[in-house]
Amino acid sequence: MYAGERQPRRTGDDNSVMNPAQATMISGEEFKMCHVPSVAFDADGMMYVSYYRDSTTTVEKISNPNTHTVLARLDPSTPGSVTTFRHLGVGDSVGDFTQEEKAPYDPTLLALGDRIVYTFQSFEKGERGYAASFFNIKEGRFENHMERCTLTYTDSNGRKVTVPFTDSGRIRCYKEAFGYKEPKHLGLCVLHSRYICHNGEYYSALSCDGPLNFGPLMVKTVDGVNFEVLFEMPEFNMGTCEVGQELFKGEFYIIARTAQSFKDKKRRGLYIAKYSLDGECICAPRRISSEPTRPALLVHRNRLYAFFNTTPLVPNDAAKRGVMRRSRMRVAIVTPDCHFSRYSDVTSPYSIQYYALGVNKGKVYVAFTEDRRQLNPNISKGNISVSAIKLFR
């Protein structure tokens, strides 16, 4: 517990929300590293899960030449039937686009009509950015073209400016829209793995873990390609590398993880805050007892839930094998003042982390990264699994 953090009330037993042992693994056995899913559903209820994988190494590193992105399609009612489509790897070209030097990273899915828009972190001409591919649902394939993403912001003179959604474009945005001095770089940029739909537009949060500790950005899009900056969140000025967002009762709730590179160890951790639709901070960031991993928020049946990792108590022999880290997912109801009223825990010996959430036909589903190496160091296996969730009220 941190100062000012209220103790929530526990609801039910561990794994009453879901049983990790009953989750379905959807990534192939031959892959040693599978990580960071995103989830979307089409109009027929088919589930799509994006992630990246590697068959040669267990290390998550975009400089690995064999790391590539994929898209899995499955019927959530019979999740054992999975079709996987390779998306992109280092050196692959589609039309006039080539993924150069570094692997594609952190894809985010958006279902629009007969397409799944596959927005991913690209690397082209020596610079990181975002680009989008398009999966044709009816034909069951990726279309043979890509689009480079754009970022639009309002500068200090009130003019709309559109720039490439690249590192240099983001630097220009921070300089011209928010008055920052131009930095050399902004660090890793991560678009959150789930969009929030509101009035036909899709909202997401864009992290910024650069050395000058700029705040993350709230952005919106209608197509998963062209993004507009709504406001900066300077209260999260601790190098937030991963941000989750949700819109609940007309207000944005934000949950964010500080970067591992953030030097002030006393301030590292997870924070939750609330903003108005025009970016006014209503509830300042509150620190949460947690493990360092990507958090998430979800509205379901008029409740706001937070998902994050806490450190469980495990036997000493398991602790020596590394099971303690990221092996307990806490699901908690968020109150209007950004505290938690009740919670339930999901504990897995294989770890449960980097979860992507989706709702289909009233049911909540989660895709997550497991890491069986944490149970047994002789197993070189990281995989993606999917499960339904039963949320308490």
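Residues numbered from 1 in each chain as written. Predicted model: local features only at pLDDT ≥ 70, side-chain atom pairs only at ≥ 80, totals over all residues. Heavy atoms only, no water.

Draft legend 1. Fine view of the nonpolar core. Grouped together as the largest cluster of nonpolar side chains are 36 residues, with contacts concentrated most on Phe307, Tyr355, Ile389 and Leu391. Phe307 has contacts with Pro295, Ala296, Leu298, Met329, Arg330, Val331, Tyr355, Leu357, Ile389 and Leu391, leaving out every residue within four places of it along the chain. Of all hydrophobic cores here, the second largest spans 25 residues; its members include Val117, Val163, Cys189 and Phe214. (Core = buried A, V, L, I, M, F, W, Y, C linked by side-chain atoms within 4.5 Å. Buried < 20%, exposed > 50% of the residue type's maximum accessible area, 1.4 Å probe, protein only. Contact = heavy atoms within 4.5 Å.)

Draft legend 2. Examining the packing of aromatic side chains more closely. Here the structure, examined in full by the defined rule, presents 19 aromatic pairs. With a centroid separation of 6.1 Å and 85° between ring planes, the pair formed by Phe97 and Phe120 is classed as edge-to-face. Here the residue Phe97 occupies a position in strand S8 (residues 97-98), and Phe120 occupies one in strand S10 (residues 115-124), the gap between them amounting to 23 residues. Given the relative accessible area of 0%, Phe120 is considered buried. Of the aromatic side chains, those joined through ring pairs into one cluster are Tyr48, Phe85, Tyr118, Phe135 and Phe142. The cationic tip of Arg115 hangs over the ring face of Phe134; the distance from NZ or CZ to the ring centre is 4.3 Å. Lying across the ring of Tyr343, Arg330 places its NZ or CZ 3.8 Å from the centre. (Phe/Tyr/Trp six-rings, centres within 6.5 Å; stacked < 30°, edge-to-face > 60°. Helix = DSSP H or I, 4+ residues; strand = E, 2+ residues; numbered from the N terminus. Lys NZ or Arg CZ within 6 Å of the ring centre and 35° of its normal.)

Draft legend 3. Summary view of the environment of Thr258. Along the chain, the position of Thr258 falls in strand S21 (residues 251-258). Residues Thr258 and Tyr271 lie 13 residues apart in sequence; the distance between their C-alpha atoms is 8.1 Å. Setting aside anything within four residues of it in sequence, one finds Thr258 in contact with Met238, Gly239, Thr240, Cys241, Arg267, Arg268, Gly269 and Tyr271. A distance of 2.9 Å separates the side chain of Thr258 from the backbone nitrogen of Gly269, its partner in a polar contact. (Polar contact = N/O pair within 3.5 Å; in protein donor to acceptor, adjacent residues only side chain to side chain.)

Draft legend 4. Examining the environment of Arg286 more closely. Turning to its location among the elements, Arg286 is positioned in strand S23 (residues 281-288). Residues Arg286 and Ala273 lie 13 residues apart in sequence; the distance between their C-alpha atoms is 6.4 Å. In this structure the side chain of Arg286 is engaged in a polar contact, spanning 3.2 Å, whose partner is the side chain of His339.

Draft legend 5. Here's a closer look at the pairing of strand S18 (residues 217-221). For S18, the buried fraction is high: five of the five residues fall into the buried class. Going residue by residue along S18, you find Leu217, Val219 and Thr221 tucked away on one face and Met218 and Lys220 tucked away on the opposite face as well. As paired elements, strand S17 (residues 201-206) and S18 share five bridges and run antiparallel to each other. Bridging from a neighbouring strand, Tyr203 pairs with Lys220 of S18. (Pairing = 2+ DSSP bridges.)

Draft legend 6. Expanded view of helix H1 (residues 167-178). Taking 1.5 Å as the rise per residue, H1 with twelve residues should run 16 Å; its terminal C-alpha atoms sit 16 Å apart, in good agreement. Along H1, the positions that sit buried rather than exposed are Asp167, Gly169, Arg170, Ile171, Cys173 and Tyr174. Two residues or fewer after H1 comes Gly179, characterised by a positive phi angle close to 80°. (Expected span 1.5 Å × (residues − 1).)

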